[in-house]
Structures are given as structure tokens and as C-alpha cells.
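Here is how the chains run, residue by residue.
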Amino acid sequence: MHPIRWYKALAKPMRSALVLGVVLATLASACLVQLGVLQLVEGARTAQAATRARTVQVTLGAKRGRIMDANGVVLAQSVERYTIVGNPEAAQDFTPLDCTPRTQDYCQQLDGKPLKTTGVAAVAQLLAPLLDMSAAEIGGKLAGTGQYAVLKKDVTPEVKRKISALHLGGIVYGELSDERVYSNGSLLGVFLGGVDDEGKGVAGVEQLENKALTGTDGYEVYQQGNGGEEIPGTMTDSKPAVNGADVQLTIDRDVQWRVEQILKQSKEKYKAGWGIAVVQNVRNGQIVALADTDEIKAGSDEAKLNVARAVNETFEPGSIGKVFTMSGVIQEGLHTMGDKFTVPSTLTLDGQKYKDSFEHGDEHWTMAGILEQSSNIGTILASENLSDDKRYDYLRRFGIGQPTGLGLPGESQGLLAQASQWDGRTRNTVLFGQGYTVNALQLTNAVSVIANNGVRKPQSIIKAVVGPDGRTRETTTGDSTRVIDEAVSKQVLNAMESVSEHYASQGFAGVDGYRVASKSGTAEVAGADGKLSSLISDYSGIIPADDPRFVITVILKDPEGAYGGLTAGPVFAEIGKFLMQKYEVPNSQPRKDAIPVEW
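The structure presented is a predicted model; accordingly, all values stated were derived computationally and were not measured.

1. Digging into the overall build of the protein
Line of reasoning, step 1. Along its length, the protein carries 19 helices and 23 strands.
Line of reasoning, step 2. Burial analysis of the protein (599 residues in total) assigns 48% to the buried set.
Line of reasoning, step 3. Summarising the internal contacts of the protein: among those between residues at least 6 apart in sequence, 72% fall at separations of at least 24.
Line of reasoning, step 4. Looking at the protein as shown, the accessible area adds up to about 29,100 Å², and 49% of this sits on carbon and sulfur atoms.

Below is the structure:
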């Protein structure tokens, strides 16, 4: 072949090969560039995206503070619990690993034997005995879609550790939570109240002190592995949780327990509808016991929906109200406890007829005797010159018709109408405790005025708040208020002691070895039929009368025996006896200054 033709024939394939080479080289260069981009740019982005996907912010839950009694006995606390969560999608793909010497640290078996099932059935079989649930129930929760299913709440740490030992990471895990535990059942049940599903106080002390009891959650930011576990060394930020403060009550658990027992026994003995008792420390206004006969467990739904009777139940105090009336009469200089009266059994005044609780002739009683005999007629006669405004004013001074200041949820402050709203009968019935209402706490504090030399001290139910740092903050209360002069209170106390001696002489309400100053009451109240078909019998007393330590108030609804001194009085005596023994109070000295009750 001619050289030129041969060259031309060869040149064409060479040009094609050269073009192909250039194309291939270009493609290779593009691939190298793209590879470089992926490695240098996109690789970093991909790594960052993966890190972000693995990075989680986990909440560190703060523990709710404890509620304790006056002596530090725990009444309510939050304990460590776990919510066991399953991943349905992962469970459905689960294949158990047989246990061999090589796999024994991460295998699964049931009662020492290999599992014969896979998937959800196998997971359910492993969990059922630990969660005290049926395999069918667990299987039903894991049979759905998604990656999150709550299997059981409030699981103890011990059970959670056993579940972790099943090596089901990524399939089943525990989320830390708290459970509110009340260690004394129905003791102080409604008064303590309860918390909702979010751990917020919604009733009782839990609601009253929710702000103090509630802590501040913290958090941790770290990367987690496929099983949800923290990858060591990846934590980038954290803030510790701050637990809630502990709240210490003025209530003495032992006294509360005993008072509740006495009340329950008395309810049965007198066949009463219900009973209430309050014990108050005279010297500082602290409530030592706050009891009723409702047996409701703290933290229960019923406890969250109700209010303690001592806080919410209101009633006419009956003849205990004569204590406040006579205090006003003496304070205004109208009479003294030694003044003499001739008291008939009935009295008609301004067209209204009044009578005593028992028939009698014209009796020669001093004002102290009028209180001892609980005479309505005598009280009206002694108060003849006490104006309506003054009658109202002294009731207000004793705290009637006003909140206790305790701030307890659901507290009723009772009812006391203005004097200008009283009709011709009410203006006199208020003198002997009818025509207005009180709750048990109000009545107790009103009687405490006589024990406190005429001073009304603010009541308290919270003794202290102890912060998570261990610092104790004593609670502050309002100012004390002088209601009557000391000399006046001593006259009234003297007459109240004669009341106690009167009942003790009949075998009711006495406490051996101790002087007591008290007053009983009985009042008609509306029954289920809406008519005045029910009775309230109450008794409030100061013990010891010669050196006041406690005021005890007892209220019974519809007891057999009716009169407060004959029903609530003996309950008072049982509580008083216990208090004197518990606190080792010295016996009283003999009484030598009794104001005459007759003339």
C-alpha cells in the first residue's frame, strides 16, 4: 500500500482513539473532582448530619420535694421509677441469640432454655414475668407501627435492671420518672391531697406548697448509639436538675394517728354521720392534728377531688358562741362573771320567744353560772346593753367570718352577715352561737384567744421549708391581735373551767389529774331533706386550764345523745388524756379561785 494511503488509513482510528481518550480523561477528571468534593465537602456535611442525628438533649427530671411531719417523719415523697418503653418495629424484627460460652454476655433465654419464637412473641415472653403482665398484653402493644410504645409505668429500679439484663437494647428501654408515694395510706389523706400525671400538686398541701415542692429540670446533650445508650466522651452540654424543697408540717404524725383512731371509734360508738377534731398548740398557733373520719388515701383520685372536712365543713357553733359574747360583755364593762341574774326558762322579746335547752324555774345564777348551765336566756339578759354593732364586732375580732390565713385549698370561711342585715331574732340568736357558721379551724383559734390571755395568734400548718441546699426557711405568719384584755380572758377562762367541772362531775369530759376549761355546743343544721333535721354537737376545750398548752375541738354530726357535752365531750377527754401523756405535761394544781356560779 502506498505510504500516504496507509497513513491516512491509520490516522482515522488514531483520531477516534485520541478523542475517546480525551473523553475518558475528562470523565475521569470529573469523577476525581466529584470524589474530592464528596470527601472534602460533602463528607464533612454528611458526618455533621450523622452527628446531629445521633445528638440528643435528654431531660434530667428534678425530684419533687418531700412532705414531712413536725418531727421529720416522711408523709409523701417521690421515688425513682421507670417507664418501660418498647420499639414495635425493632421488636418485630427481633431474633433471639442462643446462649453459648461466647455469647453468654449478650444472649437471650427463658428459664435457662432457648426461646422457640422470634419477633414480638419472643420479646413479650421475655418481659411478661418481669412486668407482671401477660405476654398477650405486651404483644398487643408491640404489634403496632412506629418506634415508641409505653409498656408499663412506675417500674422499680430493680425490675428495670432485670430488663436491662435481657440485652434488648434498641428494642426495650426505661425512661426515668418519679412516683409520688404516700407512706401512711389514709392518714391525713385528703389534707395531703395529690398530684396529677405531670407531677403538679392539684389538691391539699401538694397544691398549697406546689411552688416550693416543684424542682427545676436539668438536661444533658450527647450522642447516643443505636440502642439509645450514651456514647462515651460525646457530652457537649449539661445542666444539673435542682430538686424541689422539702415541706415540714406542724402536724405530729403520732398525734394525728391517735386522734383519727379516737374519732373513728367515737363515730361508731355514737353512730355519728362523721366527726372532726383539731388540736392546736396554744403557745404558737401551730396545728398539731387535723383529723376527720373520712378514710381516703392520700394521692388517690378521691383525695384530689375533695377537701378535708376541718377545712371545708361549716356549721353553727351553738353554745360555744356564748364564750365570745360574754367576752365582749365583760370587755365593754357591762358585767363581770360574778354579776348576779335571775334567769327564767323562757323569754319573749320583741315578739320573739326564746327558751333554754331544759325547763327550769327562776334560777339565781351569776354570769359564770349562766355559762356553766349554758343558758340562752341568761346570755340574752347579760347582753341586753351590748349593741348589734358590738355583737358583730366581737365575733369578727375572734376571727368569725374571716379566712384562717392558712391559705388551704377549698377552705370555707363560714358566714357572718353584717349586723345591719340581722332580723329581730338573729340579733339575739348570734349571742348563743346560732345565725352564723364557722369551720373547725376557725372555732379552735377563737377559743385559743381565751387560752392566750386575750390575744388571737395566727394559725400555721407549715412549720418550715427546707431547700435542696439544706437551708431551712421558717415560715412566717401574720401578726398577733389583742381581742380582749388579759383580765377579761381570765374571767372567761375561770367560768369555762366551771363548765368542765360540771360535765366531769357527771362522768363526762374530765381528764384525771388535769384542770380543763371548755364549752359545749349543740346546733340544728339542715339535713338531707333540706330541713333543720340534723344536729351538730361540738366541744372545744383548753388543757391544762392552769397552764394552757392545747386547744382541742371536736365536732360530731347527728350523734346519738345529741348534746355536745355528752358526745363530743368524752371524745375531747380521750384526746386530752393522750396529749398529756405523750408530752409528759405535769399534773395541775388544785383550783382555788372559782367564781361562784350561784347566788
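2. Topic: the environment of Ser266
Line of reasoning, step 1. The topology assignment puts Ser266 in helix α9 (residues 253-269).
Line of reasoning, step 2. For Ser266 and Pro559, which are 293 residues apart along the polypeptide, the C-alpha to C-alpha distance reads 9.2 Å.
Line of reasoning, step 3. Aside from chain neighbours lying at most four places away, what touches Ser266 is Lys271 and Val571.

3. Considering the packing of helix α3 (residues 119-131) against helix α4 (residues 135-142)
Helix packing geometry: the angle between the two helix axes and the distance between the axes.
Line of reasoning, step 1. Between α3 and α4, the least distance of the axes is 8 Å, while the angle of their chain directions is 130°. On the basis of the axis angle, α3 is oblique to α4. Regarding α3 and α4, the two cross each other, and that crossing is right-handed. Counting all contacts with α3, which are made through Val120, Val123, Ala124, Gln125, Leu127, Ala128 and Leu131, the residues of α4 involved are Ala135, Ile138, Gly139 and Leu142.
Line of reasoning, step 2. Of the residues contributing to the contact of α3 with α4, the split by class is nine nonpolar, two polar and no charged.

4. With respect to the packing of aromatic side chains
Line of reasoning, step 1. Counting across every chain of the model gives five aromatic pairs.
Line of reasoning, step 2. Here the aromatic cluster, defined as three or more aromatic residues joined through ring pairs, consists of Tyr503, Tyr539 and Phe572.
Line of reasoning, step 3. Sitting over the ring of Tyr82, Lys160 keeps its end group 5.2 Å from the ring centre.
Line of reasoning, step 4. The cationic tip of Arg397 hangs over the ring face of Tyr394; the distance from NZ or CZ to the ring centre is 4.4 Å.

5. As for helix α17 (residues 440-451)
Line of reasoning, step 1. Between its first and last C-alpha atoms α17 spans 17 Å; for twelve residues at 1.5 Å apiece the expected length is 16 Å, and the two agree.
Line of reasoning, step 2. Here α17 lies mainly inside the structure; twelve of its twelve residues are buried.
Line of reasoning, step 3. When α17 is considered as a whole, its buried residues turn out to be Ala440, Leu441, Gln442, Leu443, Thr444, Asn445, Ala446, Val447, Ser448, Val449, Ile450 and Ala451.
Line of reasoning, step 4. Two or three places before Leu441, at the start of α17, stands the capping residue Asn439, its side-chain oxygen 3.0 Å from that residue's backbone nitrogen.

6. Regarding the state of the cysteines
Line of reasoning, step 1. Scanning the entire structure with this criterion turns up one disulfide.
Line of reasoning, step 2. The disulfide bridge from Cys99 ends at Cys107, spanning 1.8 Å between sulfur atoms. Taking the torsion about the S-S bond as the criterion, the Cys99 to Cys107 disulfide, at about 95°, is right-handed.
Line of reasoning, step 3. Among the residues examined, Cys99 registers a relative accessible area of 32% and is labelled partly exposed.
Line of reasoning, step 4. Looking at Cys107, the relative accessible area reads 8%, which means it is buried.

7. A few points about helix α5 (residues 157-164)
Line of reasoning, step 1. Taken together, the buried positions of α5 are occupied by Pro157, Val159 and Ile163. Taken down its axis, α5 places every buried residue within 160° of arc, on the same side.
Line of reasoning, step 2. The secondary structure elements touched by the buried residues of α5 are β3 (74-86), α3, β4 (149-155) and β5 (172-182).

8. A word on the pattern of salt bridges
Line of reasoning, step 1. In this structure the tally under the stated criterion is 21 salt bridges.
Line of reasoning, step 2. The shortest N-O distance in the salt bridge between Asp246 and Arg66 comes to 2.8 Å. Of the two residues, Asp246 is situated in strand β10 (residues 246-249) and Arg66 in the loop between β1 (55-60) and β2 (67-68); the sequence distance between them amounts to 180 residues.
Line of reasoning, step 3. What makes Asp246 buried here is its relative accessible area of 13%.
Line of reasoning, step 4. Look at the salt bridges and you will find they share partners, linking Asp252, Arg253, Asp254 and Lys582 into a network.

9. Observations concerning the sheet that holds strand β9 (residues 237-239)
Line of reasoning, step 1. Judged by pairing direction, the sheet is antiparallel, and its three strands sit side by side in the order β1-β8-β9 without closing on themselves. On the outer flanks of this sheet lie β1 and β9, each paired with one strand and no other. For this sheet the average axis-to-axis angle between neighbouring strands, irrespective of direction, equals 20°.
Line of reasoning, step 2. Bridge count for β1 against strand β8 (residues 218-223) is six bridges, and the pairing is antiparallel. From the neighbouring strand, Thr55 faces β8, where its bridge partner is Gln223.

10. Quick notes on unusual backbone geometry
Line of reasoning, step 1. A cis amide bond links Ile543 to the next residue, Pro544, at an omega of -15°.
Line of reasoning, step 2. By the secondary structure assignment, Pro544 is in the loop between β22 (534-543) and β23 (550-557).
Line of reasoning, step 3. For Ser374, which is not glycine, the phi dihedral falls at a positive 55°.
Line of reasoning, step 4. Of note, Ser374 is situated in the loop between α13 (367-373) and α14 (376-382).
Line of reasoning, step 5. Residue Ser374 is classed as buried on the basis of its relative accessible area, which comes to 13%.
Line of reasoning, step 6. Backbone geometry places Asp558, a non-glycine residue, at a positive phi of 55°.

11. Some thoughts on the sheet that holds strand β12 (residues 287-292)
Line of reasoning, step 1. Pairing within the open sheet is antiparallel, and its five strands lie in the order β12-β11-β23-β22-β21. Two strands bound the open sheet, and with one partner strand each, they are β12 and β21 (517-525). Sheet twist, expressed as the mean angle between neighbouring strand axes with direction ignored, is 10°.
Line of reasoning, step 2. By the bridge criterion, eight bridges tie β22 to β23 in an arrangement that is antiparallel. The residue of β23 that forms the bridge with Asp538 is Ile555.
Line of reasoning, step 3. Strands β11 (275-281), β21, β22 and β23 of the sheet are contacted by helix α19 (residues 564-582), whose axis makes an angle of about 35° with β22.

Calculation criteria
Numbering of residues starts from 1 in each chain and follows the order in which that chain's sequence is written. Only residues with pLDDT of at least 70 get local features here, since the model is predicted, and only at 80 or more are side-chain atom pairs given and counted; chain-wide, interface and lining totals rely on the full set of residues. Heavy atoms from the whole structure form the basis of all side-chain values; hydrogens and water molecules are not counted. The way it works is that DSSP assigns letters per residue, a run of H or I at least four long becomes a helix, a run of E at least two long becomes a strand, and they are numbered from the N terminus. Categorising residues by exposure relies on relative accessible area from a 1.4 Å probe, with only protein chains included: less than 20% of the type maximum marks a residue as buried, more than 50% marks it as exposed, and the intermediate range marks it as partly exposed. Every residue pair with non-hydrogen atoms within 4.5 Å of one another is taken to be in contact. Here the open area of atoms and residues is found with the Shrake-Rupley method and a 1.4 Å probe, where only the protein chains shown may cover a residue. Think of each axis as a best-fit line through the C-alpha atoms, taken over the contacting stretch in the case of a helix, with angles from 0 to 180 degrees between the N-to-C directions. Here the angle decides the label: under 35 degrees means roughly parallel, over 145 means roughly antiparallel, 65 to 115 means roughly perpendicular, and every other value means oblique. In this scheme, a crossing is called left-handed if the near helix is turned counterclockwise away from the far one by less than a right angle; it is called right-handed if the turn is clockwise. Residue type decides the class: Asp, Glu, Lys and Arg count as charged, Ala, Val, Leu, Ile, Met, Phe, Trp, Tyr, Cys and Pro as nonpolar, and the leftover types, Gly among them, as polar. Only Phe, Tyr and Trp rings take part, Trp by its six-membered ring, and two of them pair if their centres are within 6.5 Å. Stacked means planes under 30 degrees apart, edge-to-face means over 60, and tilted covers everything else. Working rule: Lys NZ or Arg CZ, within 6 Å of ring centre, within 35 degrees of ring normal, means a charge sits over the ring. For a helix, the expected span equals 1.5 Å multiplied by the number of residues minus one. Polar contacts, as counted here, are pairs of nitrogen or oxygen atoms within 3.5 Å of one another; within protein the pair requires one atom able to donate a hydrogen and one able to accept it, and residues that are adjacent in sequence qualify only if both atoms are side-chain atoms. Note on disulfides: each one is a pair of cysteine sulfur atoms within 2.5 Å. Think of the arc as the fan of directions from the helix axis to the C-beta atoms. Counted as salt bridges are all cases of a side-chain nitrogen of Lys or Arg within 4 Å of a carboxyl oxygen of Asp or Glu. Strands pair, by our definition, only if DSSP identifies at least two bridges between them.

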